[in-house]
Amino acid sequence: VDAMRDAATTVLTGTHDFAAFGQLDEPGRSTVRHMEAWTFDETDEQLYLTVRGNAFLRSQVRAFAGTLVAVGLGKLSATDVARIRDSRDRAQSP
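Thresholds applied
Residues numbered from 1 in each chain as written. Predicted model: local features only at pLDDT ≥ 70, side-chain atom pairs only at ≥ 80, totals over all residues. Heavy atoms only, no water. Helix = DSSP H or I, 4+ residues; strand = E, 2+ residues; numbered from the N terminus. Rg over C-alpha atoms; globule rule 2.2 N^0.38 Å. Buried < 20%, exposed > 50% of the residue type's maximum accessible area, 1.4 Å probe, protein only. Contact = heavy atoms within 4.5 Å. Areas by Shrake-Rupley, 256 points an atom, 1.4 Å probe, with all protein chains shown as cover. Pairing = 2+ DSSP bridges. Axes fitted to C-alpha atoms, helices over the stretch in contact; angles between N-to-C directions. Phe/Tyr/Trp six-rings, centres within 6.5 Å; stacked < 30°, edge-to-face > 60°. Expected span 1.5 Å × (residues − 1). Arc of directions from axis to C-beta. Core = buried A, V, L, I, M, F, W, Y, C linked by side-chain atoms within 4.5 Å.

A. Broad picture of the overall build of the chain. Looking only at helices and strands, the chain features three helices and three strands. Reading the chain from its N end, one meets helices and strands in the order α-β-β-β-α-α. Over its C-alpha atoms the chain spans a radius of gyration of 13 Å, differing by no more than 12% from the 12 Å that the globule rule assigns to 94 residues. Each of the three principal axes of the chain carries a C-alpha extent, and together these read 45 × 25 × 20 Å. When the 94 residues of the chain are sorted by exposure, 34% land in the buried category. Pairs at least 24 apart in sequence give 55% of the contacts found in the chain among residues at least 6 apart. Total accessible area on the chain is roughly 5500 Å²; 46% of this is exposed by carbon and sulfur atoms.

Written as structure tokens, this is what we have:
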């Protein structure tokens, strides 16, 4: 969970173009969003992710969760998450 939290707070927090993590409801609109805060709450068998931002793309939080799980499993690093974010390519995100 520490690697997930680190990737979220260092790579996904702030104002970025999140086209790689979601879809627009209306083509031609901006995919730039501002993510403000991340919370990871653990129970015995579950992990709850809460993210606060100014707006979200369709499926953005689901894509964040899948990407961060890959980080937690050691399949991706924070550097990989930054590369995915900067690619603006939805196919790059798990």
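Here the narrative resumes.
B. Summary view of the sheet that holds strand 1 (residues 14-17). A sheet is described by the order of its strands in space; here three strands give the open sequence 1-2-3, paired in antiparallel fashion. Because the sheet does not close on itself, it has two edges, and the strands there are strand 1 and strand 3 (47-53). Recorded for the sheet is a direction-independent mean angle of 45° between the axes of neighbouring strands. Where strand 2 (residues 32-42) meets strand 3, seven bridges bridge the pair, whose relative direction is antiparallel. If you follow Trp38 over to strand 3, its bridge partner there is Val51. Each of strand 1, strand 2 and strand 3 touches helix 1 (residues 2-12); the most contacted strand, strand 2, lies at about 165° to it. Each of strand 2 and strand 3 touches helix 2 (residues 60-72); the most contacted strand, strand 2, lies at about 55° to it.

C. Highlighting the packing of aromatic side chains. Counted by the stated rule, this structure contains four aromatic pairs. Ring centres of Phe18 and Phe64 lie 5.4 Å apart, and the angle between their planes is 80°; this geometry places the pair in the edge-to-face category. One end of the pair, Phe18, is in the loop between strand 1 and strand 2; the other, Phe64, is in helix 2, and 46 residues separate them in sequence. Just as Phe18 is buried, Phe64 falls in that class too.

D. Highlighting helix 2. Taking 1.5 Å of rise per residue, the 13 residues of helix 2 would be expected to cover 18 Å, and the 18 Å separating its terminal C-alpha atoms lies within 8% of that figure. Restricting attention to buried positions, one finds in helix 2 the residues Gln60, Ala63, Phe64, Thr67, Leu68, Ala70 and Val71. Looking straight down helix 2, one finds its buried side chains confined to an arc of 150°; they lie on one side. On the buried face of helix 2, the contacting elements are helix 1, strand 2, strand 3 and helix 3 (78-87). In the stretch just after helix 2, Gly74 is the one whose phi turns positive, near 80°.

E. Structural view of the nonpolar core. Leu12, Phe18, Phe21, Trp38, Phe64, Leu68 and Val81 are the most contacted members of the largest nonpolar core, which totals 22 residues. Elements supplying a minimum of two residues to this core: helix 1, strand 2, helix 2 and helix 3. Beyond its immediate chain neighbours, meaning those up to four positions away, Phe21 contacts Leu12, Arg58, Ser59, Gln60, Ala63, Phe64, Thr67, Val81, Ile84, Arg85, Arg90 and Ser93.

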